[in-house]
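Coordinates in review
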Amino acid sequence: MSVIITPDQRIRVFISSTILELANERIVVRNVIEALRMTPVFFESGARPHPPRELYRSYLDQSDIFIGIYWEKYGWTAPGMEISGLEDEWILAVDKPQLIYIKNTALREPDLDKLIKKIQDTGSVSYQRFNEPSDLSKLLANDLALLLAERFQSNSAGTKREAEKTITNIPRNRNKIIGREVEINEIIKILHKPETELITLVGPGGIGKTRLAIEIGNRIIHNFEDGIFFINLESLVQSDKLPLAISNTLDIQNKGGNDIQDWVAEYLSDKNMLLILDNFEQIIEGAIFVSTLISRCARIKLLVTSRTPLNIRNEYSFLVEPLKNEQPDKTGDQEYQYSNAVTLFIQRATEANNTLIWNSQNTDAALEICNKLDGLPLAIELAAARCRYMNPATLVTKLVTLLDSIGTGHRDAPKRQKTIRNTIDWSYQLLGTEAQRLFRRLAIFETGWDMESAKAICWDGFNELSTINLFIEELENLGLLVNLQSSTGINTHKFLKVIKEYAEEKLQESGESAAITYIHYKYFYQFAIDLYTQERNSWLSTSNHSLQRLKNENILLSFNNALKAKDYPVFIKLVSVLNFIFLLTGETWFLLDCLEQANIKSDEEGIRDLSSKIDPSELANVYLSAGFCRSTTGNFIEGMRDLEVAHFFAEKYSLTYVLAETQFFMALSMMMIGKIEPVKSLLLDTIDKSRQCSLLSIQFAAEATYGILLSEENKFDEAINILDKSIQSNKEYDILLGQTYCLYQKGFLMIELQKYEEANSCFEQCLVLNKTYSLNINASFPYVGQALIHAKTGNTILGFDSIRNAMECYRKSGSTIEFVCLLCSLCILLIEENKLAEALSVYTLSRKIFSGVEFNPWRSLRNNMKIVDQKLQSKFPNIDFQVAIASNNQISNEKIFELIKRK
């Protein structure tokens, strides 16, 4: 066990329990842990991009203490697992201090009894029983205090001995390092392994490699009996001078006239020492001498910082990535917790100007600035320094071009770090001529590219004869590219924003800008058309999604170029392609804007105008796209009219697959506005047509929707059976959106049946899929469902967490349907908290939107809103609710945002 750590490195305490049945106990535990200035680690927080076991294993690895709380439920057992996540967490925490608390009950599940028996049989774990949350609070506070005292006493003697000897020239960081605790701990762990000889910290300029290496050196300063030495190679330009630089730093002289390489290696041969070699990229040939050292000197270790790996044997290459910049979050009454990037900005800006007030306007601006700078630490620090003269809200408006608007560094900073332009130019000048050509041409890509696209556009398009892979590797090694390794194993890359801006400047200077724009436009237009004619199921599968997303973003760029060129046939064809893209991204507001710009209307004049500009056989696809977009965002009247026109032209030109898709969206729209009667026959015909053209994604979705229809008739068992079969079919054929659609539909049905654990499991699976594959269509629905569960089970703190997450999804999609469902759950939460005045405002707004879009929400939401009706009408008997609903102008979307944010 390590020594007690300082307050800036708080002890992490992992809490293992079932989520819903022990919700109150989890709140109590959180309060006790935070009162002791430790960090609670809860597995269920937020949508998760990894499989559950991978995630809670990661959380456990980063935690110092394990707390298990058990009552009646054994917990959910994931597919492919023989034990529940609850038991697996306990097993994985075997090497950590453990505190186990068992809530008394006579109704415990047998598997949980077996787990408790296993814990008791170990004989080495502290466990206690309790009845109420207040009992648990007292027990935990006492046990944690005692545990810390014992650990401190057992380690204090060793700490004193370690402090007796320090041999080093390593500098100290001038201020606290931010956001690198995980990396620091991981690198130190690797460095301590006997087999580790060399670690190279690799990353672009300004990423913070030097600061990270210095921090590591200072933290392990007592671990090498012959010392830790920092060798600055910044001014070195000849690789053969490396041995001399090392000898000068170690202050040893070659009096015997021996070859300096042999002499330095001989001197170090019996030393237990860590050498930190900083800025190695400009003397990369010196890696041969590094290889000599580690082969001849068994007890030394090397920590190298470089923009490129050394590429020698026994090297462990550690990629240093930008700081994370996720949105700030707030839990309960705690202060907002900012991302690492924003925290760095706030601290450095405050150092530059301690009169700054960090209100919501300035902190939101800080978040936007860090997003613009991709979390690059040097760029963030340079930008923050400008707050000496202006506040962040003003600064963010000045960041039009990043290279010249984020200022200069400290007077004593290295020249290469005085400006971000110097930092990038340092790497650019290290490139060969061909790699420089490739670098500037890659600026044509909006957010990223795959090798196939880069080769076709930037290399073959200019009749280059050499192999592009060599130069991609050169750019990547110097940290000018970010490798986005996809799940398929295909390499994809992107620029950080500030590096892209530099590349764009070089592209303009080269005179190749017009040529490469044309090549890019033609390539991705043809790609989009080919993609549109492929079998539809492959669009929505896991096997191609990571790669496909980059392709999609470049299709959008081609689309914008077509719009600028007023190329109407191309523009219209790409609308149909983009319809499928937005099934994944959920950004339907963007397609709505495109439809308006193209003046795509389904009235008589609109049809006539469009028919004169494009091939009439294209009309079915165009109006299908328009109908889908408008109806799924709440404009059911115009959306249904679009779909009817699409149906007419699909029949006219015998487009069976368009007929199937059109009928499905028509059926869905009818259900959403409560017109149930004609839906059954429409769905059955859709299923039949989908089978005819092997359109599996629509077939499975229509079958699931038929099951939902049965639940409206109280045929719950049939409905669940159909949904389960549809989930399995979508999994079998790897259709992502089909899985998420069925999962959240089943989740809402489980809420209606009061099976909250099963409902939550459906929503959790849905969230993992959405996060992993960036599926944003209707992404707020599982959060809305979880908020409703938390309201029904009395845990409004977690309920408001879910509502905040739902709001972020809505802000991206702009869907009125998502917003009105969100308001329903919010209203129910406010009722649970007895915030009746606020609930009334939200209620009347939701009803006003209901009446505007004629939306008919899930049965579980409808029934709970009826309870809200009764409570509010009994509380406010003198209010004419119809008048209040019609005249609700007192609560805007912005006020809703603020209401949720304050909770």
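The residue numbering used here restarts from 1 in each chain and proceeds along that chain's sequence as written. Given that the model is predicted, a residue must reach a pLDDT of at least 70 before its local features are reported, and side-chain atom pairs must reach 80 or more before they are shown or counted; all residues, however, enter totals for whole chains, interfaces and linings. Hydrogen atoms and water are omitted, and side-chain values are computed over all heavy atoms in the structure.

**Quick word on the overall build of the protein**
For the purposes of this entry, the term helix denotes a DSSP run of H or I that reaches at least four residues, the term strand denotes a run of E that reaches at least two, and both are numbered from the N terminus. Tallying secondary structure elements over the protein gives 40 helices and 13 strands in all. Evaluated residue by residue, the protein yields a buried proportion of 55% over its 903 residues. When contacts within the protein are restricted to residue pairs at least 6 apart in sequence, long-range pairs at least 24 apart make up 73% of them. Areas reported as accessible are Shrake-Rupley estimates using a 1.4 Å probe. Residue values count occlusion only from the protein chains shown. Accessible area for the protein stands at about 39,600 Å²; split by element, carbon and sulfur atoms hold 49% of it. For the exposure calls, accessible area comes from a 1.4 Å probe over protein chains only, and a residue counts as buried if that area is under 20% of its type's maximum, exposed if over 50%, partly exposed in between. Contact between two residues is taken to exist if any of their heavy atoms lie within 4.5 Å; hydrogens are not considered.

**So, the nonpolar core**
One recurring pattern in soluble globular proteins is that nonpolar side chains are buried together. Counting 220 residues, the largest nonpolar core has Phe-345, Phe-439, Leu-442 and Ile-600 as its most contacted members. At 13 residues, helix α36 (residues 816-832) tops the list of elements feeding residues into this core. Look past the residues within four positions of Ile-600 in its chain and what remains in contact with it is Ile-572, Val-575, Leu-595, Leu-610, Val-622, Tyr-623, Ala-626 and Arg-630. Nonpolar cores were defined as sets of buried Ala, Val, Leu, Ile, Met, Phe, Trp, Tyr and Cys residues, with membership established by side-chain atoms within 4.5 Å. Counting 30 residues, the second-largest nonpolar core is a separate cluster that includes Leu-198, Leu-242, Ile-283 and Leu-293.

**Side note on the sheet that holds strand β9 (residues 300-306)**
Should DSSP find at least two bridges between two strands, the strands are regarded as paired. Strand order in this open sheet of five strands is β7-β8-β9-β6-β10, and the pairing throughout is parallel. The sheet is open, and its two edges are formed by β7 (228-232) and β10 (315-319), each paired on a single side. Neighbouring strand axes in the sheet, compared pairwise and without regard to direction, differ in orientation by 20 degrees on average. The pairing of strand β6 (residues 198-202) with β10 spans five bridges and is parallel. Residue pairing in the sheet places Leu-198 in a bridge with Glu-315 of β10. Whenever a helix is involved, its axis is fitted only over the stretch in contact; in every case the axis is a line through C-alpha atoms, and angles between N-to-C directions fall within 0 to 180 degrees.

**A closer look at the environment of Asp-61**
Inspection of the secondary structure puts Asp-61 in helix α2 (residues 52-61). Linking Asp-61 and Phe-14, residues 47 residues apart in sequence, is a C-alpha distance of 9.7 Å.

**Structural notes on the sheet that holds strand β13 (residues 492-494)**
Taken in spatial order, the three strands make up an open sheet running β11-β13-β12, and their pairing is antiparallel. Both edges of this open sheet fall to β11 (449-450) and β12 (482-483), since each of them pairs with a single strand only. Where β12 lies against β13, two bridges are found, and the strand directions are antiparallel. Residue pairing for β13: Asn-483 is matched across the bridge by His-493.

**Overview of unusual backbone geometry**
Here Asn-311, not a glycine, exhibits a phi torsion of approximately 60 degrees, which is positive. Residue position: Asn-311 is located in the loop between β9 and β10. Using a relative accessible area of 58% as the deciding quantity, one classes Asn-311 as exposed. Its identity as a non-glycine residue notwithstanding, Asp-374 has a phi of 55 degrees, on the positive side. Structurally, Asp-374 can be placed in the loop between α12 (360-372) and α13 (377-385).

**Brief notes about the packing of aromatic side chains**
What counts as a ring pair is set by centres within 6.5 Å for rings of Phe, Tyr and Trp (its six-membered ring), and what kind of pair is set by the plane angle: stacked under 30 degrees, edge-to-face over 60, tilted for all other angles. Across all of its chains, the model carries 20 aromatic pairs by this definition. Taken together, the ring pairs connect Tyr-428, Phe-439, Phe-445, Trp-449, Phe-495, Tyr-502, Tyr-523, Phe-524 and Phe-527 into an aromatic cluster. Should the NZ of a Lys or the CZ of an Arg lie within 6 Å of a ring centre and within 35 degrees of the ring normal, that charge is described as sitting over the ring. In this structure, Lys-103 is placed above the aromatic ring of Trp-71, and the distance from its NZ or CZ to the ring centre is 4.0 Å. Between the NZ or CZ atom of Arg-441 and the centre of the ring of Phe-462, over which it lies, the distance is 4.1 Å.

**Quick look at the pairing of β9**
Within β9, seven of the seven residues are buried, which leaves the element mostly enclosed by the surrounding structure. Here β9 shows a buried face lined by Ile-300, Leu-302, Val-304 and Ser-306 and a second buried face lined by Lys-301, Leu-303 and Thr-305. Pairing of β6 with β9 involves five bridges; the strand directions are parallel. Looking across to β9, one finds that Ile-199 is bridged to Leu-303.

**Regarding the pairing of strand β3 (residues 65-70)**
In terms of burial, β3 is a largely internal element, six of the six residues being buried. Side chains of β3 alternate between two faces, with Ile-65, Ile-67 and Ile-69 and Phe-66, Gly-68 and Tyr-70 buried alike. Looking at chain direction, strand β1 (residues 12-16) and β3 are connected through four bridges and run parallel. The partner of Phe-14 across the bridge, within β3, is Phe-66.

**Brief notes about helix α11 (residues 340-352)**
Note that an α-helix has 3.6 residues per turn; residues three or four places apart therefore point the same way. By this rule the span expected of a helix is its residue count minus one, scaled by 1.5 Å. Here α11 contains 13 residues, and its C-alpha end-to-end distance of 19 Å stays within 8% of the 18 Å for a straight helix at 1.5 Å per residue. For α11, the set of buried residues is Ala-341, Val-342, Leu-344, Phe-345, Ile-346, Arg-348, Ala-349 and Ala-352. In this fold, the buried residues of α11 make contact with α7 (209-219), α12, α13 and α14 (392-398).

**Regarding α36**
Its 17 residues place the ends of α36 25 Å apart at the C-alpha level, agreeing with the 24 Å of an ideal helix rising 1.5 Å per residue. In terms of burial, α36 is a largely internal element, 15 of the 17 residues being buried. Downstream of α36 by a residue or two, Asn-834 has a phi angle that is positive, lying close to 60 degrees.

**Overview of the packing of helix α16 (residues 420-429) against helix α20 (residues 497-510)**
Running from amino to carboxyl end, α16 crosses α20 at an angle of 65 degrees, the nearest separation of the two axes being 11 Å. Relative to α20, α16 is oriented roughly perpendicular. Two packed elements cross with a definite hand, and for α16 against α20 that hand is right-handed. Contacts from Ile-420, Arg-421, Ile-424, Asp-425 and Tyr-428 in α16 reach Val-498, Ile-499, Tyr-502, Glu-505 and Lys-506 in α20. Comment on the angle field: the value is read as roughly parallel under 35 degrees, roughly antiparallel over 145, roughly perpendicular from 65 to 115, and oblique elsewhere. Each crossing gets its handedness from the near helix: less than a right angle anticlockwise from the far helix is left-handed, clockwise is right-handed.

**Notes on the pattern of salt bridges**
Here, a salt bridge means any Lys or Arg side-chain nitrogen found within 4 Å of an Asp or Glu carboxyl oxygen. One pass over the structure, following the stated rule, counts 33 salt bridges. Residues Glu-225 and Arg-299 are paired through a salt bridge, measuring 3.1 Å at the closest nitrogen-oxygen approach. Separated by 74 residues along the polypeptide, Glu-225 in the loop between α7 and β7 and Arg-299 in the loop between α10 (287-296) and β9 bring together distant segments of the chain. Taking the relative accessible area as the measure of exposure, Glu-225 reaches 41% and is therefore partly exposed. Via salt bridges that share partners, Arg-211, Arg-348, Glu-351 and Glu-381 belong to a single interconnected network.

**Overview of the environment of Gly-674**
By the secondary structure assignment, Gly-674 is in the loop between α28 (656-672) and α29 (679-692). On the basis of relative accessible area, Gly-674 is assigned to the partly exposed category, the value being 36%. Residues Gly-674 and Asn-856 lie 182 residues apart in sequence; the distance between their C-alpha atoms is 5.4 Å.

**Considerations on the packing of α11 against α12**
Contact geometry for α11 and α12: axes closest at 9 Å, N-to-C directions at 115 degrees. Every pair of crossing elements has a handedness; the one defined by α11 and α12 is right-handed. Residue-level inspection shows Ala-341, Val-342, Phe-345 and Ile-346 of α11 in contact with α12, the latter providing Thr-363, Ala-366, Leu-367, Ile-369 and Cys-370.

**Comments concerning the environment of Ile-369**
With respect to the secondary-structure elements, Ile-369 resides in helix α12. On the basis of relative accessible area, Ile-369 is assigned to the buried category, the value being 0%. In contact with Ile-369, other than residues within four places in its own chain, are Phe-345, Ala-383, Pro-392, Leu-395, Val-396 and Leu-399.

**Some points on the confidence of the model for the protein**
Averaged over all residues, the pLDDT of the protein equals 82, while 85% of them reach at least 70. Contacts of residues 157-165 to residues separated by more than four positions or lying in other chains number five contacts, the stretch itself having pLDDT below 50. Under a pLDDT of 50 for its full length, residues 409-413 has, in the predicted model, six contacts with residues more than four places off or in other chains. Think of pLDDT as the predictor's per-residue confidence, scored from 0 to 100.

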